[in-house]
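Letter by letter, the chains look like this.
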Amino acid sequence: MRRRRFLQQAGAGVGAATFLAGCNTAPTGDDTLTIATYSSFTGEDTAGAWLKSAFEEEHSDATVEFTTPENGFNQFIQRKQQGAPIGADMYVGLNTGELVRADEQLDEDLFRSFEGTIEGSEGVKESLRIDPDGRVLPYDTGYISLVYDEDEVENPGSFDALLEPEYEDALITQNAQQSDPGRAFLLWSIHEQGPDSYLDYWEGLLDNGVQVISDWEPAYQAYTNEEAPMVVSYSTDQVFYHGPDVDMSRHQVGFLNDQGYANPEAMGVFADTDQSELARQFMEFVLSERAQAEIAVRNVQFPAIEGVTPSEEFDEYALEPPNPVTFTYDELVGNVGTWIDDWAQLVASN
Amino acid sequence: MTDTADAVDRTPSDESGVELDGISVAFDGVTALDDISLSVAEGEFFTLVGPSGCGKTTTLRAIAGFEPPTEGTIRIGGRSVEGVPPEERDIGIVFQNYALFPNMTVRENVGYGLRFRDSPGDQSPAARIDELLDLVDMEGMGDRDPTELSGGQQQRVALARALAPGPEVLLLDEPLSALDAQLRERLRVTVRDIQQELGITTVYVTHDQAEALAISDRVAVMSDGRLEQVGTPEAIYREPASRFVATFIGDNNLFEGTVTDTAPPRATIDGQPFLLPAGSEVSAGESVTLTVRPEAIELGDGDATLTVTVDNVEFLGDAYRLHCDWQGQSILVKTSAWTQTDDAVELGIDRDDVRIILDSD
Amino acid sequence: MNERRWAERLAIPLGFVLTVAVLAVVFYYPVWSVFSQAVWSDGGPTLAPLLDVLTDPFYTGVAHYLFTDPLAVPGGIATWLQAGMPAVELGLFGFTAYQALLSTVASVALGLPGAYLLARYEFTGRETLRSLTILPFVLPSIMVAVGFVAMFGSQGFLNDVLGLLGLGSIEILYTLEIIVLAHAFYNAPLVTRLVAAAWESVDVRRVETARAMGASRMRAFRDVVLPELLPSLLTAALLTFIFTFMSFPIVLALGGLRLATVEVWIFARVQSLALAEAATLATIETVLSLLLLYVYLRYEDRQSSASSGGTPLARRPFLVGWNTLTDLRRIGLLTYGVVALAVFVGPLLSLVVESVTGPNGAFTTAYYEFLLSRQTATASGTTRPLPAIINSLVFGVGTLLLAMPMGIVVAVVATRDLPGSRLAEAVLTAPLAVSGVVLGIGLLQTLVFGTVLFGHRFTVLGPVAIVLAHAIAAYPFVTRNVAPALGSLDDRLVDAARSLGATRTRVMLDVELPLIGAAVTAGAAFAFAISVGEFDSTVLLASNVDSYTMPVALERYIGNRSLGPSLGPATAMATVLLAITAASFVVIDRMGGRWDL
């Protein structure tokens, strides 16, 4: 008898799936703002958690809900492509390459334009304005640099130095196909070596034993485990690692050619939202000085607004490159995909 | 000579028993059963006998519903069972390897069918199980595991299990073949007794012709997917309808040849004159086989007398079996009167002990 | 009574239809939605994407000449032979097959002595050891990767030991070697289990016959035992090859881009939204692995029909006092034990050690405190450990309830010797041979985004969808466990029960399943563990942020930087996951007895 019920329950399970079908759409209540982002932006002690509670405090009838789809921003490009409901009102945590990809993949705009109506957006640093159409606004930025162990190597100081025997098997970077800092480092190298000769440069790097690991976390972990004395990371490294019992020799930030590659994080409001007013208010809140300082500290990134000082501690340990560089949106359009594909094929066949 | 070599069983069908009407079974296009028609009367003990691969087990499985016939109709109790799955056919089956459920005790095995069918005569299942265990002489063994039992005991339990729900038909597939010779003979008497006591229609499959003759009301001899002959054990033994039956059932002596000349009561076959049994007719040009059983041959004179040399003598306990040579043909003789030691012996054959099989097929 | 009988008569066909229906919704349709992009464009069939891939030396290496210039191939081979067979460009597919081959060899090398030990020696804990060999196979790869780094990294435990012994150090992280080793970690137990089972079924009488006829011990092994082991060995090798050919997370985590396999590349193409190219690669990959799977099923079929009853070979006691150390074979096995300890226990132990070791090498409970603080945190979006554990267990039980009947029904169908049943089985076992990345993108496009039917957009999301997807991943393992056991049962048992009035379903429940309890338990253990370790479809199908499971939590903790960039919280979560997986195995083991694969 027991086994009979077992079969019946199995049958019931299938039935339930069918009942469930068709009743799941975006949870857009009257005053609910659904924000899509990456998962480490939310949760205890994060910028996301602070933004939610602070914003809800200021707007008593508003509720902020986060959704963190596993395949990130791509999910929304694909939803738009297939005519599926977007399921969120805005996206937070977009980079230039992703915006370019969305525009290349889609005929319609995924984001609505807000230019001129966002209070505070005039304060955004000029070098971080990634969208010429003003659809998305940066809210913070990181600068890609090297982090190295000064007991083992000297700061290479230039891209060319990385090809020297001194730096054989010394560098860990990330896969530009899926990792933000990895992509930024590749773009930086293209920025410096030029689109026609960056592959030759990378051929040299590969010959010199550069390690290309899937993402930032495992790459940094490998660096921590002393698999190599240098890793591509952020210039805010020491914000994480300082204090009386930390050996700072392993947390030296090295800029190449006196540069760091800016990798701004931006936010935008989906064109299909019916909460554009609330979303606009949220963007304004994010750009406010109070929020900018909090985000910088909690996200360990530099503020996007000119003249914001997050905290003394942050100021002391977050290093800004003398010359921030980055590709503009227009430079990336039509190129970034090919650049990365060619690079990946080169790495994978070596 | 009621049955002929194309062996169609003509026992009139009645409302009970089992009836097969033109049954054919093919596996992957290979014919396993070819147009089998037979009927088993209610309460009859009917045996299918033949060498391995002759189709006897397939016939049984077709009756049970495990092999759907490609052609023909099977009726159990007068009703066609086409499309009826085995579990609805009201049969009981016993296999050679017992097939007791190892995860159940003896009682649970015997009582298994009572979960799906009512005990006959409104008995409680427990009482029915006791009755059956009693019937097969296994009282008191109900709580054992099947694996603790000897082969003979396991087969008794299998029989009790098959009988417990009071099936209309009992099917036995070589039930005794895995047992040793003595046990086999004892148990076949038990099986026959129980069958008689219950009066249950029984289809029994065996490759052992002696067993078939010993316990059956009627026997069907099968070969190569076809029925060779159906009849009582005596008829099958005494009046074999084909050369196959003549050789498969019991020991036999065969003389084959073409009739070259007839002068009743004699005929010349391949140059040898033979004395034919009374009332038999053969004509020149026919191929015939004459058969005579070893026990029908006597030492000394008969209607016909052959002079043979004795090659070998086997002592069987109750008789001797002589392997003789007669003009290059071997002849078996079974006699209790063997005393001679010399090589040349005269054998006498009575003309009425000779059977003629016309090799028409 | 009558209705019940009808229900029972329909149960198996209906179960089969339902299984196919679930497969259609959660597997075939999503996967087809991806594959169709490889062969269908602008409303018509096309070969262009396929040819693009096949003719690209990056993908196919020297084999691309087969498609670009087939006539020149014989000449090319002749030239190559004359040149002394220099190394050739393998291309992505070639490299993937190459690493799969190496992994298969390594798995066999690491698995065989284990089979010998388990089949031929008696020692305390043998049964438990045998049960535990199933464990590596079902551990989430995120966790195994973390463990491997902790064990084999340049600062790993192994190098610490080597350093202590004055043996220098090894650098194998991000090399082909570590990938092969990790693949062996997953698949050597498979070899061990399959070969040990075959070894145990060798009839001692055959060996004795050979010895009586004058064969030496070695000769008897070669002539009698080996031929009976070979089929199981080949089966295990084929399965290992299929699994490692499609390997993804291990290569991604331990190899880096320079060692990319086809599956890693498919993932990258999906990330770049080059879906047609990803689909094309996946189509080729799937065709190859389905072919191998078909070969495997045919082979396994022949093998199960050859299995024999009879008395197994007697086990020798492993420990025989001091003599243990004078017997070459036992010394060899002890050495093997040390290697096996390093490969199998090392990573898991390192993981546990890592979870209580601070950055400066001192003991710390900070990471477990972190888990506790997450549990009590109030901010939305916080990944709490307890719900992760509970979700994992609930999904695991749900998967069990669904995958068991599905797997058993398919096994019943598969053991019927009908024409084409091998092919049908291959199709029904296809979830084994289709890339996880492809299924993921397919699920996203169909179930998550929804499908328009009758003017409504239907989405299938949430816990039920997760359980369905887990069941699809798990039931082939139930089938693989149950089908051979079912096939070895005496058909007469089924016939006898049916003649007594039991429907086919009742026979299965009353007789067959109880008799193959061990195999059913093994299937259950697999189904449960696969569900607990499953990551990809869980994250896709979880419609709300609270449907996360233990592996998902683990992954989120890796990305959590509130303790700085540290694997600490992840190793703590991984330890919890390891403990719960192992505990559920023990529970299932105790409930259902020993299991075999």
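Enquirer: Could you clarify how one ought to interpret the overall build of chain B in this entry?
Expert: Within chain B, the regular secondary structure consists of eight helices and 20 strands. Across its three principal directions, the C-alpha atoms of chain B cover 70 × 45 × 35 Å. Here chain B holds 361 residues, and 40% of them are scored as buried. In chain B, the share of contacts with a sequence separation of at least 24, taken over all contacts with a separation of at least 6, comes to 65%.

Enquirer: Whenever I open this one, the interface of chain A and chain C confuses me. Can you help?
Expert: At the junction of the two partners, chain A supplies 61 residues and chain C supplies 61 residues. The biggest single contributor to the side of chain A that touches chain C is helix 1 (residues 2-20) of chain A, with 11 residues. Split into classes, the residues belonging to the side of chain A that touches chain C amount to 22 nonpolar, 28 polar and 11 charged.

Enquirer: How do you make sense of the environment of M267 of chain A when you look at a structure like this?
Expert: Residue and element names in this part refer to chain A. As for its position among the elements, M267 is in strand 9 (residues 259-269). When the C-alpha atoms of M267 and S179 are compared, they prove to be 19 Å apart, with 88 residues separating the residues in sequence. In this structure M267 touches M90, Y91, V92, L94, V136, L137, Y139, M283 and V286, once residues within four positions along its chain are discounted.

Enquirer: Sorry if this is basic, but what is going on with the packing of helix 9 (residues 141-152) of chain C against helix 17 (residues 328-354) of chain C here?
Expert: The description of two packed helices rests on the angle between their axes and on the distance between the axes. Residues and elements named next belong to chain C. Contact pair helix 9 / helix 17: the axes reach a minimum separation of 7 Å and the direction vectors enclose 85 degrees. Between helix 9 and helix 17, the angle falls in the class roughly perpendicular. On helix 17, the residues that touch M143, V144, V146, G147, F148, A150 and M151 of helix 9 are G346, P347, L348, S350, L351 and E354. A breakdown of the residues in the contact of helix 9 with helix 17 according to their chemical character gives nine nonpolar, three polar and one charged.

Enquirer: Where do I start with the domain arrangement of chain B in this structure?
Expert: Residue and element names in this part refer to chain B. What the domain assignment reports for chain B is domain 1 (18-247) and domain 2 (251-358). Between the C-alpha centres of domain 1 and domain 2 the distance comes to 38 Å. Contacts between the two partners involve six residues from domain 1 and, on the opposite side, six residues from domain 2. Tallied by class, residues from the side of domain 1 that touches domain 2 come to two nonpolar, two polar and two charged.

Enquirer: Please clarify how the sheet that holds strand 1 (residues 18-27) of chain B should be interpreted in this entry.
Expert: By way of backbone hydrogen bonds, the strands of a sheet pair with one another, either parallel or antiparallel. All names here are of chain B. Spatial ordering of the open sheet is given by 2-1-4-5, a layout of four strands whose pairing is antiparallel. Each having just a single partner strand, strand 2 (30-40) and strand 5 (79-80) make up the two edges of the open sheet. Two elements, strand 1 and strand 4 (residues 71-76), share five bridges in a ladder whose sense is antiparallel. Pairing of D21 across the sheet is with T73, part of strand 4. Against the sheet, helix 1 (residues 56-64) engages strand 1, strand 2 and strand 4, with an angle of about 65 degrees to strand 2.

Enquirer: Sorry if this is basic, but what is going on with the domain arrangement of chain C here?
Expert: Residues and elements named next belong to chain C. Domain parsing of chain C yields domain 1 (12-68 + 384-597) and domain 2 (94-354). Computed from C-alpha coordinates alone, the two centres of domain 1 and domain 2 are separated by 22 Å. Contacts between the two partners involve 49 residues from domain 1 and, on the opposite side, 45 residues from domain 2. If you list the elements that add at least two residues to the side of domain 1 that touches domain 2, you get helix 1 (2-39), helix 2 (48-54), helix 20 (421-428), helix 21 (436-448), helix 22 (462-488), helix 25 (517-533), helix 27 (550-559) and helix 28 (568-592). For the side of domain 1 that touches domain 2, the element with the highest residue contribution is helix 28, accounting for 10 residues. In terms of residue class, the side of domain 1 that touches domain 2 is built from 32 nonpolar, 11 polar and six charged.

Enquirer: So what exactly am I meant to see when it comes to the sheet that holds strand 8 (residues 201-206) of chain B here?
Expert: All names here are of chain B. One open sheet accounts for six strands, arranged 6-7-8-3-9-10; its pairing is mixed. The open sheet has two edge strands with one neighbour each: strand 6 (91-95) and strand 10 (226-231). Averaged over all neighbouring strand pairs, the angle between strand axes comes to 15 degrees, with direction disregarded. Relative to strand 8, strand 7 (residues 169-173) runs parallel, the two sharing five bridges. Within strand 8, the residue paired with V169 across the bridge is T201.

Enquirer: Looking at this model, I keep getting lost on the pairing of strand 6 of chain B. Mind explaining?
Expert: A regular strand places its side chains on the two faces of the sheet in alternate fashion. Residue and element names in this part refer to chain B. The buried fraction of strand 6 amounts to five of the five residues, a majority that puts the element mostly inside the structure. Side chains I91, I93 and F95 project from strand 6 onto one buried face, and the interleaved G92 and V94 project onto a second face that is buried too. Inspection of the sheet shows strand 6 paired to strand 7 by five bridges, in the parallel sense. When the bridges of strand 7 are listed, F95 appears paired with D173.

Enquirer: I'm lost on the nonpolar core in this one. Help?
Expert: One broad rule of soluble globular proteins: the nonpolar side chains tend to lie buried together. M267 of chain A together with L254, A527, L554 and M573 of chain C are the most contacted members of the largest nonpolar core, which totals 369 residues. Looking at which element gives the most residues to this core, the answer is helix 22 of chain C, with 17 residues. Apart from residues lying up to four places away in sequence, M573 of chain C is in contact with L371, P385, M550, A553, L554 and Y557 of chain C.

Enquirer: What am I meant to see in the environment of V494 of chain C here?
Expert: Relative to the assigned elements, V494 of chain C resides in helix 23 (residues 491-499). With 17 residues separating them in the primary sequence, V494 of chain C and V511 of chain C have C-alpha atoms 7.7 Å apart.

Enquirer: Before we go on, may I ask you to explain the arrangement of the chains in this structure?
Expert: Once contacts are tallied for each of the two pairs of chains in contact, the highest total is for chains A and C. There is no contact between chain A and chain B; across them, the least C-alpha separation is 13 Å.

Enquirer: Is there a simple way to explain the environment of T291 of chain B in this structure?
Expert: All names here are of chain B. In this structure, T291 sits in strand 14 (residues 287-292). Taking the number of C-beta atoms within 10 Å as the measure of exposure, T291 has 21 and is therefore buried. C-alpha of T291 to C-alpha of P102: the two residues are 189 residues apart in sequence and 49 Å apart in space. Not counting residues up to four positions away in its chain, the partners in contact with T291 are P240, A246, N252, N253, L254, R355 and I357.

Enquirer: What is the right way to read the interface of chain B and chain C from this model?
Expert: When the parts of a complex come together, some accessible area is lost, and that lost area is often used as the size of the interface. Taken together, the contacts link 19 residues of chain B with 15 residues of chain C. Of all the elements, strand 6 of chain B adds the most residues to the side of chain B that touches chain C, at four residues. Along the lines of polarity and charge, the residues of the side of chain B that touches chain C split into 12 nonpolar, four polar and three charged.

Enquirer: I'm lost on the pairing of strand 4 of chain B in this one. Help?
Expert: Residue and element names in this part refer to chain B. Taken together, the two bridges between strand 4 and strand 5 define a ladder with antiparallel strand orientation. Bridge assignment links R75 to a residue of strand 5, and that residue is S80. Taken together, strand 4 and the strand that follows it, strand 5, pair antiparallel across an intervening segment of two residues, in which G77 is found at a positive phi of about 60 degrees.

Enquirer: Explain the confidence of the model for chain B here, please?
Expert: Caution applies to low-pLDDT parts of the model: their predicted coordinates are not meant to be read in detail. The predicted model of chain B has a mean per-residue pLDDT of 88, with 94% of residues at 70 or higher. The low-confidence segment residues 1-6 of chain B (pLDDT under 50) makes 12 contacts with residues lying over four places distant or belonging to another chain.

Enquirer: What is the right way to look at the packing of helix 19 (residues 385-415) of chain C against helix 25 of chain C in this model?
Expert: Residues and elements named next belong to chain C. At their nearest, the axes of helix 19 and helix 25 sit 8 Å apart, and the two run at 135 degrees to each other. The orientation of helix 19 with respect to helix 25, classified from their angle, is oblique. Once helix 19 is placed against helix 25, the crossing between them reads as right-handed. The segment helix 19 lies against helix 25, with S392, F395, G396, T399, L400, A403, M404 and G407 engaging G523, A524, A527, F528, S531 and V532.

Enquirer: Where do I start with the confidence of the model for chain C in this structure?
Expert: Residue and element names in this part refer to chain C. Looking at chain C, pLDDT values average 85 and 93% of them are 70 or higher. Across chain C, the secondary-structure element scoring lowest on mean pLDDT is helix 20, at 74, and the one scoring highest is helix 6 (residues 91-120), at 95. In this model, residues 593-597 is a region of pLDDT below 50 whose contacts with residues beyond four sequence positions or in other chains number 19 contacts. For this predicted complex, the interface confidence comes out at an ipTM of 0.86, alongside a pTM of 0.80.

Enquirer: How should helix 15 (residues 262-271) of chain C be read in this particular structure?
Expert: One full turn of an α-helix is made of 3.6 residues, so residues set three or four places apart face in the same direction. Residues and elements named next belong to chain C. Of all 10 residues in helix 15, nine are buried, a share of seventy percent or more. Residues of helix 15 that are buried: V262, E263, V264, W265, I266, F267, A268, R269 and V270. Remark: L273 follows helix 15 within two positions and exhibits a positive phi of approximately 60 degrees.

Enquirer: Any chance you could explain unusual backbone geometry here in plain terms?
Expert: In most cases, non-glycine residues show a negative phi, while peptide bonds are predominantly trans. All names here are of chain A. Even without a glycine there, the phi angle at N257 is positive, about 50 degrees. Relative to the helices and strands, N257 resides in the loop between strand 8 (252-254) and strand 9. N257 gets classed as partly exposed once you count the C-beta atoms within 10 Å, which come to 17.

How each quantity is defined
Residues numbered from 1 in each chain as written. Chains lettered and ligands numbered in written order. Predicted model: local features only at pLDDT ≥ 70, side-chain atom pairs only at ≥ 80, totals over all residues. Helix = DSSP H or I, 4+ residues; strand = E, 2+ residues; numbered from the N terminus. Buried ≥ 20, exposed ≤ 12 C-beta atoms within 10 Å, placed from the backbone. Contact = placed C-beta atoms within 7 Å. Nonpolar A, V, L, I, M, F, W, Y, C, P; charged D, E, K, R; others polar. Axes fitted to C-alpha atoms, helices over the stretch in contact; angles between N-to-C directions. Parallel < 35°, antiparallel > 145°, perpendicular 65-115°, else oblique. Domains from an automatic or database assignment. Pairing = 2+ DSSP bridges. Core = buried A, V, L, I, M, F, W, Y, C linked by C-beta atoms within 7 Å. pLDDT = per-residue confidence, 0-100. Left-handed = near helix turned anticlockwise from the far one by under 90°.

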